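# Observations on chain architecture
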Amino acid sequence: MPIQVRCRGCEKVLNAPDAARGKVIKCPKCGTKLQLPAGDSTEAGAAPPQPAAKKPQQRPRKPDQPAAGDAAPEDMFARMRFDDAMMEHAEEQICPYCAGELEEDDVICPSCGMNLETGRMDAKEQKKRTRKGADPALFYSKAWGEGWAFMLEQKGLALRTGLIWMNFALYMCISIYMFEEWCKTGPTKTFWGAMTALNLLGIPGWYWFLSLRIISAEWYKETLQPDRIHFDFFANVSVGLRAILWPFVVGLPVWLLLAAAIGGYAAVNGSSSPEDAINDFPLGEQGLIIVGSILFGLPFLAWPLANVHLVTKYAHPAWIGWELAKLFFRNAGATLYTLLISFVMALPVVGILAALQFAAGGANPFINDHITGLADRIVSWFADLIGERWVEESFMFGAVKAPIMLIFGALMIAPLAILAGFPAIFMMRVNALLAHYRRNTLGVIQKIHPFTPAGFWIRFHAFCVDICLVPLSSFLVTKEKKAVIVGQLINVAIIGMLFRMSWELVLLYAGPVFFIYNFWMYFAIQESASPKSTIGKDIFKLIVVTDDNKQMSIPQATKRWFMMLVTPLIGALFAAFSADKKTLYDSMSGTKVVFAGDK
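Summarised in this report is the structure supplied together with it. (Residues numbered from 1 in each chain as written. Predicted model: local features only at pLDDT ≥ 70, side-chain atom pairs only at ≥ 80, totals over all residues. Heavy atoms only, no water.)

## As for the pairing of strand β7 (residues 542–546)
Taken residue by residue, a regular strand's side chains alternate between the two faces of the sheet. The line we're drawing: Working definition: with a 1.4 Å probe on protein chains only, accessible area under 20% of the residue-type maximum means buried, over 50% means exposed, and in between means partly exposed. Counting from the N terminus, the helices are DSSP H or I runs at least four residues long and the strands are E runs at least two residues long. DSSP bridges decide pairing: two strands pair if at least two such bridges lie between them.
For β7, the buried fraction is high: 5 of the 5 residues fall into the buried class. Burial along β7 is two-sided: L542, V544 and T546 facing one way and I543 and V545 facing the other are all buried. When β7 meets strand β8 (residues 591–595), the two strands line up antiparallel, connected through 5 bridges. Looking at β8, one finds that T546 is bridged to T591.

## Considerations on the packing of helix α7 (residues 252–269) against helix α15 (residues 456–469)
Packed helix pairs are characterised by how far apart their axes lie and by the angle those axes make with each other. As a reminder of what qualifies: A fitted line through C-alpha atoms serves as each axis, taken over the contacting stretch for helices, and the angle formed by two N-to-C directions is quoted from 0 to 180°. When checking whether two residues touch, look at their non-hydrogen atoms; a contact exists if any pair is within 4.5 Å. Only Asp, Glu, Lys and Arg are considered charged in this grouping, and only Ala, Val, Leu, Ile, Met, Phe, Trp, Tyr, Cys and Pro are considered nonpolar; every other residue, Gly among them, is considered polar.
Viewed as axis vectors pointing N to C, α7 and α15 meet at an angle of 65°, and their least axial separation amounts to 11 Å. On α15, the residues that touch L252, P253 and L256 of α7 are W457, F460, H461 and C464. Tallied by class, the residues present in the contact of α7 with α15 amount to 6 nonpolar, 1 polar and no charged.

## What about the side chain of N331?
Rule in force here: For the purposes of these results, a polar contact is taken to be a pair of N or O atoms within 3.5 Å, where, inside protein, one atom must be able to donate a hydrogen and its partner to accept one; residues adjacent in sequence count only when each atom of the pair is a side-chain atom.
Note on placement: N331 falls in the loop between α11 (321–330) and α12 (332–359). Here the side chain of N331 touches R438 through a polar contact of 3.2 Å, side chain to side chain. Beyond its immediate stretch of four places on either side in the chain, N331 contacts L305, R438, T441 and L442.

## Quick look at the packing of aromatic side chains
The condition that has to hold: Only Phe, Tyr and Trp rings take part, Trp by its six-membered ring, and two of them pair if their centres are within 6.5 Å. Stacked means planes under 30 degrees apart, edge-to-face means over 60, and tilted covers everything else. Sitting over a ring, as applied to charges here, requires NZ of Lys or CZ of Arg to be within 6 Å of the ring centre and within 35 degrees of the ring normal.
Scanning all chains against the criterion turns up 32 aromatic pairs. Ring geometry for F296 against F300: centres 5.6 Å apart, planes inclined by 55°, an arrangement best described as tilted. Overall, F296 belongs to the partly exposed group, its relative accessible area being 27%. On the basis of relative accessible area, F300 is assigned to the partly exposed category, the value being 27%. Taking the centre distance of 6.1 Å and the plane angle of 20° together, the rings of F456 and F460 count as stacked. Residue F456 and its partner F460 are located together in helix α15, separated by 4 residues, close to a single helical turn. Across this residue pair, the class does not change: F456 and F460 are buried. Lying over the aromatic face of W208, R242 brings its terminal NZ or CZ to 4.9 Å of the ring centre.

## Notes on helix α21 (residues 554–566)
The condition is simple: Given the number of residues in a helix, its expected span is that number minus one, multiplied by 1.5 Å. What the arc measures is the spread of directions leading from the helix axis to the C-beta atoms.
Taking 1.5 Å per residue as the helical rise, α21 with its 13 residues ought to reach 18 Å, and the 18 Å between its terminal C-alpha atoms agrees with that figure. Those residues of α21 lying buried are A557, R560, W561, M563 and M564. Considered in projection along α21, the buried side chains sweep an arc of 160° and stay on one side of the axis. For α21, the elements touching its buried residues are α15, α19 (511–528), β7, α23 (584–589) and β8.

## Considerations on the environment of T567
Take T567: it is sitting in the loop between α21 and α22 (569–577). Given a relative accessible area of 17%, T567 falls into the buried group. Taking the C-alpha atoms as reference points, T567 and T583, 16 residues apart in sequence, are found 9.6 Å from one another. Polar side-chain contacts of T567 include one of 2.6 Å to the backbone oxygen of M563.

This is the structure in C-alpha cells:
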C-alpha cells in the first residue's frame, strides 16, 4: 500500500511505495529530506487518507490523449524524479525531531541532542547547551594553538619581557659577584646582599604583574594594550616579594602546626637553642628541609587558579589554602594541563641554564672561570699592546677588565633572557585561557551582600597579618590622638631605658606594657573608628560591627579586645563550627565580623 506523507518544506502530499517504509526520501519539488514512518500509513507524519471521490463519467478521448490510468508525461517525469530521490537517500538516516543527518550508530542526535531511544533530551547535552560561556572541554584543544598565536601577535611584549629580565639578571649577577668576591666587611656585604635580593625578586615580580594584566584583560573582555603596561622597578620588586610570600601564606596553618610541633618537642626535651631544637626533632635537619620544600611547593599546584582570583574584586580564595584545595580538585585536569604546558615551554630555558651551571663553568658570567679567564687574557694582550705590565690585582687591570666583563655578561645573559620572554608570554596566555574556558567552575566571587558573616579561615589570615603589624600600631593608628600620644610616650620611655639597661631588662620590664598597649590600640581604636576595620581585615574587605550593624564605640571595642585576649584560641575556633560564624568573644561582646559587601 503506498505511503502518503506531507512535505514540511512545501506542504505537498507525496506518495511513496510501501518498500520505502523507514527510509529517508527527498522531496522532488523542494529537496527537503523526510523520514518515512516504519509502520502503517496512519502513523504520525503520514498524510490522512482522503475520501474516495465520485468517479467522473468517462468521455471519449482524443487520439493523442492518454488512456485512463496512464500517467501524464509530466506526472511520469515527476515519478521518475521521486523514485530517483528515494533510491539516492534510501540508506541515509535523519533525526525525526530536527531532520539532522545521523550516522548509522548514532543514539543521540548531534544537531538537537535528543536521545532517539528515549525520546528525551540527553542529560549531558542539555547541561552542555544550557551552560553559559565557553565549553570547558575546548580548553584542551585550544590552549596550544591560541597560546602560540598570542605569542606571535605580542612579539613586542615578549621582547620587552626579555629585556627587563636581562637587566634584573645582569644586576643580580653583578651583586652576587660583589658579595662573594670583593666584599669582606659586614656593611658592604649587607648592601650587595640586599641588591641581590631586590633584583632576584624583580624577575618573578614582572612575570606575575604582566600575567595578571593579561588574565584581567581576558576575564573582563578588554583589549590588551601593551603600550599602557609600564615598568616600575620597586613595584615589580614588591610584587615579587608577594610571590615569594604567597606559598607561605597559603600554607600558613600547616607552617604554624609544624612550628608548634618543633617548639613543643624542644620544650619537652629541654633544647637550649633553635639549632638544638631542629636537630633534636625526629625528622632532623634534612627531614625538615624536605618537608619545608614540599610545603613551599605544594601551593604552586593551584597557582593558575590563584592568578584568576587575584584579578577579581574578592581575591581572598587565592590566599586561603583550604579554598584553593577545593578549587584544585574541581579543576584538577585543566590545572594540571596548564602546569604541564608551562613545564614543556620552560624546559628549553631551564635546560640551557642547567647546562651552563653544571657543564660550562656557571650560569653567572662574572664568576664563570671560562669567561673571566678570557677577559684576563684580553686585558693582558691590551697591556702588552700599549707597553704596560699590569698585574691582576692592580687598579688599572680591574678598570679595563670591568667593561669587558659587562659586555661578556650582557652577551651571555641577553639571548637567554629574550629566549625566556617568548614562552613566558605563551604561558600567561594559557593561564588566561584557563580563566576563559573554566569561568563557571572557578568559584569566582563576583558579589557579596553587605554584612555577610566572614568564615574562620579568612578571619584567621587577616588576624595573622594584623599580628605582624601590631608592633607598629603607634605609627599606623592615627584616628584617636590621645591614644597615639600615649603610644609615642611609651616608645620614648623604652628608648630612654635602652641607654640605661640592657635589651634583656628592657624586654622584661617594658616589653609586656609595650605589647599590650599596642595590641589594644591596634584593634580597639581601628575597629571603633569609621573604617570599622584593621589593616589585615581591610585587605580581605572585612569590617567589625555590632549585632545591629552599627559602628562600635571604644568601650565596646575594648570589651571585645579583652575577651579576645582571655579566650584567644578556643574563642576563635567557635567561628569554625557556629552557624552564625561568630567567635566566643564576638558573642560575649555583641559584635560580628562581616564583609563590607557591595551596596
